Amino acid sequence: DAGITQSPRYKITETGRQVTLMCHQTWSHSYMFWYRQDLGHGLRLIYYSAAADITDKGEVPDGYVVSRSKTENFPLTLESATRSQTSVYFCASRVSTEAFFGQGTRLTVV
Amino acid sequence: EDKVVQSPLSLVVHEGDTVTLNCSYEVTNFRSLLWYKQEKKAPTFLFMLTSSGIEKKSGRLSSILDKKELSSILNITATQTGDSAIYLCAVEPRGGSQGNLIFGKGTKLSVKP
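The rules behind the values
Residues numbered from 1 in each chain as written. Chains lettered and ligands numbered in written order. Predicted model: local features only at pLDDT ≥ 70, side-chain atom pairs only at ≥ 80, totals over all residues. Heavy atoms only, no water. Core = buried A, V, L, I, M, F, W, Y, C linked by side-chain atoms within 4.5 Å. Buried < 20%, exposed > 50% of the residue type's maximum accessible area, 1.4 Å probe, protein only. Helix = DSSP H or I, 4+ residues; strand = E, 2+ residues; numbered from the N terminus. Contact = heavy atoms within 4.5 Å. pLDDT = per-residue confidence, 0-100. Polar contact = N/O pair within 3.5 Å; in protein donor to acceptor, adjacent residues only side chain to side chain. Pairing = 2+ DSSP bridges.

Visitor: Got a minute to help me understand the nonpolar core in this structure?
Guide: Across soluble globular proteins, nonpolar side chains have a tendency to be buried as a group. In terms of nonpolar packing, the biggest core is built from 23 residues, with Tyr 25, Leu 33 and Trp 35 of chain B touching the most fellow members. Contributions of two or more residues to this core are made by β3 (19-26), β4 (30-38), β5 (44-49), β7 (61-66), β8 (71-76), β9 (85-93) and β11 (107-112) of chain B. In contact with Tyr 25 of chain B, other than residues within four places in its own chain, are Lys 3, Val 4, Phe 30, Leu 33, Leu 65, Asp 66, Lys 67, Leu 70, Ser 71 and Val 91 of chain B. Judged by nonpolar contacts, the second largest core, of 19 residues, contains Leu 43, Leu 45 and Ala 92 of chain A together with Phe 103 of chain B.

Visitor: Any chance you could explain the confidence of the model for chain B here in plain terms?
Guide: Interpretation of this model should avoid reading the predicted coordinates in detail wherever pLDDT is low. Residue-level pLDDT values for chain B average 92, and 96% of them are 70 or greater. Within chain B, the element-level pLDDT minimum falls on strand β10 (residues 102-103) of chain B, averaging 92, and the maximum on β8 of chain B, averaging 98.

Visitor: What is the right way to read the side chain of Gln 38 of chain B from this model?
Guide: Positionally, Gln 38 of chain B belongs in strand β4. Given a relative accessible area of 4%, Gln 38 of chain B falls into the buried group. Here the side chain of Gln 38 of chain B touches Gln 37 of chain A through a polar contact of 2.8 Å, side chain to side chain. One polar contact links the side chain of Gln 38 of chain B to the main-chain carbonyl oxygen of Lys 41 of chain B, over a distance of 3.0 Å.

Visitor: What is the right way to look at the pairing of β9 of chain B in this model?
Guide: Moving residue by residue along a regular strand, the side chains alternate between the two faces of the sheet. Residues and elements named next belong to chain B. Of all the nine residues making up β9, eight are buried; the element is thus mostly covered by neighbouring parts of the structure. Pairing between β4 and β9: eight bridges, direction antiparallel. When the bridges of β9 are listed, Leu 33 appears paired with Val 91. Where β9 lies against β10, two bridges are found, and the strand directions are antiparallel. If you follow Val 91 over to β10, its bridge partner there is Ile 102.

The structure is reproduced here in C-alpha cells:
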C-alpha cells in the first residue's frame, strides 16, 4: 500500500525496557521525522532525517535513538523506556510541500 | 527560539456558525506556514501558505497569511459537526533544520448540533 505506515499502533511496555517503533514510507521522500504529541504540548520533534544515513536531533531527543539505513525506513528506539515517554508518536515524511503523517503509535510505559 | 502560538486553545460553537482560528509565529527566515486538521488519527493537510495576502480556499475553509503581522488565520464558514477536530498550525523556517515543521499546540474546535 502506498503511504506511510507505523507499527505497532498500540504498545504497552514496562519501565526500563527497550522499545522500537517502526516507520515505513513508500514515496522515497527524502525527509522523515518523528514527533511526539502530548496534551498541552502539541507536536514536538524528536529526531529527523534529511536522507539515508543522515539524522539529527530535534527538540526532545533525550532517551531516543534513530537510524536510517534505507530511505524508506526510519525506526525510533527508546533505549530504556520511562513513564515520561508515554505518548502518541507520529512519523512523517515530506519532500518540499506538506508533510504526510502516519497513523500514530500510542505508547504506554507502566 | 522559534515558536508558533495558536489561539484560542479551544472553542465550542454551534452548527452554522463561522469561526476564525489564529496562528502567530516567531521564526528566523520564514519559508512557509501550513495548516492541518487532526481528528482522531494522523494530522491531514489543509493549506500551505508562502505569500502574504493571497487567500487559499477549499470549500468552507479558507486561510490567509500576513507576513507583516507574522500571523495567519483559518476561517471555517457554516460549521458542521464534522469540522470538530484539533487544528494545527505549523511553520517551516528557512535553513537550519531543513524540512522541519514547528507546530503550535493546536486549537480544539467542537461543533455542537
